[in-house]
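Chain and residue survey
Residue strings, one per chain:
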Amino acid sequence: MSCLLLPNSWSTTIHASKERRVIEPRKKQQDAGSTRDRILITNSEIAQPDSIPPLVSALKTCAHQNAATFHFPGHNRGRAAPSSLVHLIGLKPFIHDLPELPELDDLFSPEGPILEAQKLAAKLFGSSETWFLVGGTTCGIQAAILATCSPGDYLILPRNSHISAISAIVLSGVIPKYIIPDYDCLWDITAGVTLSQIEKAIEELHMEGQKVGAVFITSPTYHGICSNLTDISKLCHSYEIPVIVDEAHGAHFGFHPQLPSSALQQGADLAVQSTHKVLCSLTQSSMLHMSGNIVDRERICRCLQTLQSTSPSYLLLASLDAARAQLSEKPDSIFNNALDLAIETKNLIGNIPGISMLGTPGFSNFPVIDPLRLTFGFWRLGLSGFEADETLYSNQGVISELVGTRSITFAINLGTCRDHIQRLACGIKNLSEASLLSFEKIKGQIEDHCGSAPFTDITMCLNPREAFFARKRKVSIGESLGKICGELICPYPPGIPVMIPGETITKKALEYLVLVKNKGATISGASDPLLNSIVICDV
């Protein structure tokens, strides 16, 4: 078989123009039908049916090339894929696991299918611009904070923010101005932040002559509790302060009258959404949406290029495009069934003896809760959330989304089916019937548990960046009281830190960590997950 040698100047032209031509070996009998294997693609022209999402289309076309491949990844389009993983998921994921080929566009300088896919997403979600993320919402939150805040600026944020916001503070060198969120001790759940809390924080910093880089809000929370972003956005914009919203759990908001309005609809400047949570992209894929003109979009681009992988997964990127297309097909009705099932679940479980259901009366300042996020309490049965979760899994094969000391949270989504709802209801009913504890014992447990949030009395001796780079040493948990914490410690999920580097270690925080650990929580971030010792700043 002869090979065709191409001059260097021709190959250079291909690279510069981001075009790819595939030259096939000559076949003995070549008919008109074989021309489908000859591919000529540019980043600006993807010849595929309109019904196929642009990035999905490009990935499909590229994967079906009859090409001699000498590029990464090493499995070479599945030819050397590990047999154990092939047995689990098949060959197709490997065939479509392609690198940054010119046909597939450049995530950091998109001109073709990625740009088209992001524009379609922006149109659907109502943003002026949307960026696809392969580093999850964590990456988007970090980029949003880096893009709006400079070293020495203050970032106003709730103390129950996700760990990604804390890591962004370390990366950016900004100084946190914490707001203590509302807390319900009966549920052991923190809520959002109020307009008055934001206003007070801004005024305090202005009185001190400090610059506020941005206000960061988590809405909805993991439990689905929403803050009033409309009023908060108006307030912040009157001070020309951008509003960043961690909307990881709210990518579906605004797509049904029964669903809360989205952060962008309420005036937020930047919203970061985990498209893989309630929507249907692959895990780790998210979107960052921008609205308005307060934030510098070029700075966002630079931050994303700094934080994201230079070898992004096109499976993740294509899944974002596909999830957008799925939602676009019937945006006004796609959640009808899920919302009906959520109502059915509440009706089946709400009246079971001993079961409490999270609702707005407990959080009067936050009248809106995501109807697809259902949280049930088990303390009146004398059970912790961890104990109830273990029983539901063992007896009914029910797997929850979030387990707490007092409750379990279940996520209803587009894939939820009635059979699973019935299994959940049956399992909780059995839990109720099996409870033999007396009312007095249960009442005592309720009263003993009530207190305040574990981070209400925080004292920050070092800002998180200073603490991150400070010299450290490990001491026993008994010796740590009153010392400066040197590590970020949080029960996970949901990834809300109880202790942050730079804060004084308090008795309340230690007792809370021991409590949740003894009840079954996994302690993340601690060098000693058993909490026999803690790392402190040696300053």
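Rules used throughout
Residues numbered from 1 in each chain as written. Predicted model: local features only at pLDDT ≥ 70, side-chain atom pairs only at ≥ 80, totals over all residues. Heavy atoms only, no water. UniProt positions renumbered as here; feature names shortened; annotations may be inferred. Helix = DSSP H or I, 4+ residues; strand = E, 2+ residues; numbered from the N terminus. Buried < 20%, exposed > 50% of the residue type's maximum accessible area, 1.4 Å probe, protein only. Contact = heavy atoms within 4.5 Å. Pairing = 2+ DSSP bridges. Axes fitted to C-alpha atoms, helices over the stretch in contact; angles between N-to-C directions. Phe/Tyr/Trp six-rings, centres within 6.5 Å; stacked < 30°, edge-to-face > 60°. Lys NZ or Arg CZ within 6 Å of the ring centre and 35° of its normal. Salt bridge = Lys/Arg side-chain N within 4 Å of Asp/Glu carboxyl O. Core = buried A, V, L, I, M, F, W, Y, C linked by side-chain atoms within 4.5 Å. Patch = residues over 30% accessible without salt bridge, like charges linked within 9 Å, V, L, I, M, F, W, Y side chains within 5 Å. Areas by Shrake-Rupley, 256 points an atom, 1.4 Å probe, with all protein chains shown as cover. Parallel < 35°, antiparallel > 145°, perpendicular 65-115°, else oblique. Left-handed = near helix turned anticlockwise from the far one by under 90°. Nonpolar A, V, L, I, M, F, W, Y, C, P; charged D, E, K, R; others polar.

- Per UniProt, the chain has the following entry under Sequence similarities (unreviewed entry): "Belongs to the Orn/Lys/Arg decarboxylase class-I family."
- What the UniProt record of the chain gives under Cofactor (unreviewed entry) is the line "pyridoxal 5'-phosphate".

1. Concerning the overall build of the chain
- Helix and strand counts for the chain come out as 17 helices and 19 strands.
- Classification of the 539 residues of the chain by burial places 52% in the buried group.
- Contacts in the chain between residues far apart in sequence, at least 24 positions, make up 71% of those at least 6 positions apart.

2. Comments concerning the sheet that holds strand S12 (residues 356-357)
- With respect to topology, four strands assemble into an open sheet ordered S12-S13-S15-S14, the strand pairing being antiparallel. Of all the strands in the sheet, just S12 and strand S14 (402-403) have a single pairing partner and so form its edges.
- Relative to strand S15 (residues 407-411), S14 runs antiparallel, the two being bridged by two bridges. Each residue of the ladder has a partner; that of Val 403, found in S15, is Ile 408.
- The sheet strands contacting helix H13 (residues 385-396) are S14 and S15, and the helix crosses S15 at an angle near 50°.

3. Regarding the pairing of strand S11 (residues 286-290)
- The buried count for S11 comes to five of five residues, which makes it a mostly enclosed element.
- Of the two faces of S11, the one lined by Ser 286, Leu 288 and Met 290 and the one lined by Met 287 and His 289 are each fully buried.
- Here strand S3 (residues 129-133) runs beside S11; their pairing, made up of five bridges, is antiparallel. From the neighbouring strand, Thr 130 faces S11, where its bridge partner is His 289.
- Across four bridges, strand S10 (residues 270-273) lies against S11 in antiparallel orientation. Bridging across to S11, Val 272 finds its partner in Leu 288.

4. A look at the pairing of strand S19 (residues 533-537)
- Here S19 lies mainly inside the structure; five of its five residues are buried.
- Across the two faces of S19 the burial is the same, with Ser 533, Val 535 and Cys 537 and Ile 534 and Ile 536 all buried.
- For strand S16 (residues 472-476) and S19, the ladder comprises five bridges, and the chain directions are antiparallel. In the sheet register, Val 475 faces S19, and the bridge partner there is Ile 534.

5. Some points on the packing of aromatic side chains
- With the rule as written, the count across this model stands at four aromatic pairs.
- Between Trp 187 and Trp 379, the aromatic rings sit 4.8 Å apart at their centres with planes inclined by 85°, giving edge-to-face as the arrangement. Of this pair, Trp 187 sits in the loop between strand S6 (183-184) and strand S7 (189-190) while Trp 379 sits in the loop between strand S13 (373-377) and H13; the two residues are 192 residues apart in sequence, bridging distant segments of the chain. For the pair Trp 187 and Trp 379, a shared accessibility class is recorded, and that class is buried.
- Over the aromatic face of Tyr 178 sits the side chain of Arg 159, whose NZ or CZ is 5.6 Å from the ring centroid.

6. Here we look at the pattern of salt bridges
- If you walk through the whole model with that rule in mind, you get 10 salt bridges.
- Where Asp 321 meets Arg 324, a salt bridge forms, and the shortest distance between an N and an O atom there is 3.0 Å. Placement of both Asp 321 and Arg 324 in helix H11 (residues 314-329) is noted, with a separation of three residues, approximately one turn of the helix.
- With relative accessibility at 8%, the residue Arg 324 sits in the buried group.

7. Examining the nonpolar core
- Phe 335, Leu 372, Phe 378 and Ile 428 are the most contacted members of the largest nonpolar core, which has 53 residues in total.
- Elements with a minimum of two residues in this core: helix H2 (54-63), helix H5 (113-125), H11, helix H12 (336-349), S13, H13, S15 and helix H14 (418-434).
- For this core, the leading source of residues is H11, giving six residues.
- Not counting chain neighbours up to four residues away, the residues in contact with Ile 428 comprise Ile 349, Ile 352, Ile 355, Phe 376, Phe 378 and Leu 392.

8. Let's talk about the sheet that holds strand S8 (residues 212-218)
- Judged by pairing direction, the sheet is mixed, and its seven strands sit side by side in the order S3-S11-S10-S9-S8-S4-S5 without closing on themselves. Strand pairing shows two members of the sheet lacking a second neighbour, S3 and strand S5 (175-179), which therefore form its edges. Pairs of neighbouring strands in the sheet enclose a mean axial angle of 20°, with direction left out of account.
- Running at roughly 120° to S3, H5 makes contact with S3, S10 and S11 of the sheet.
- Docked against the sheet, H11 engages S3 and S11, running at close to 135° with respect to S3.

9. Here's the deal with a nonpolar patch on the surface
- A cluster of nonpolar side chains, namely Leu 85, Leu 88 and Ile 89, defines an oily patch on the protein surface of about 280 Å² accessible area.
- Within the secondary structure, Leu 88 is located in helix H3 (residues 83-89).

10. A word on the packing of helix H6 (residues 136-148) against helix H7 (residues 163-172)
- Contact geometry for H6 and H7: axes closest at 9 Å, N-to-C directions at 40°. Classified by the interaxial angle, the pair formed by H6 and H7 is oblique. Crossing handedness for the pair H6 and H7: right-handed. Residues Thr 138, Ile 141, Gln 142, Ile 145 and Leu 146 of H6 form the contact with H7, whose own contacting residues are Ser 164, Ala 165, Ser 167, Ala 168, Leu 171 and Ser 172.
- The residue inventory of the contact of H6 with H7, partitioned by class, reads six nonpolar, five polar and no charged.

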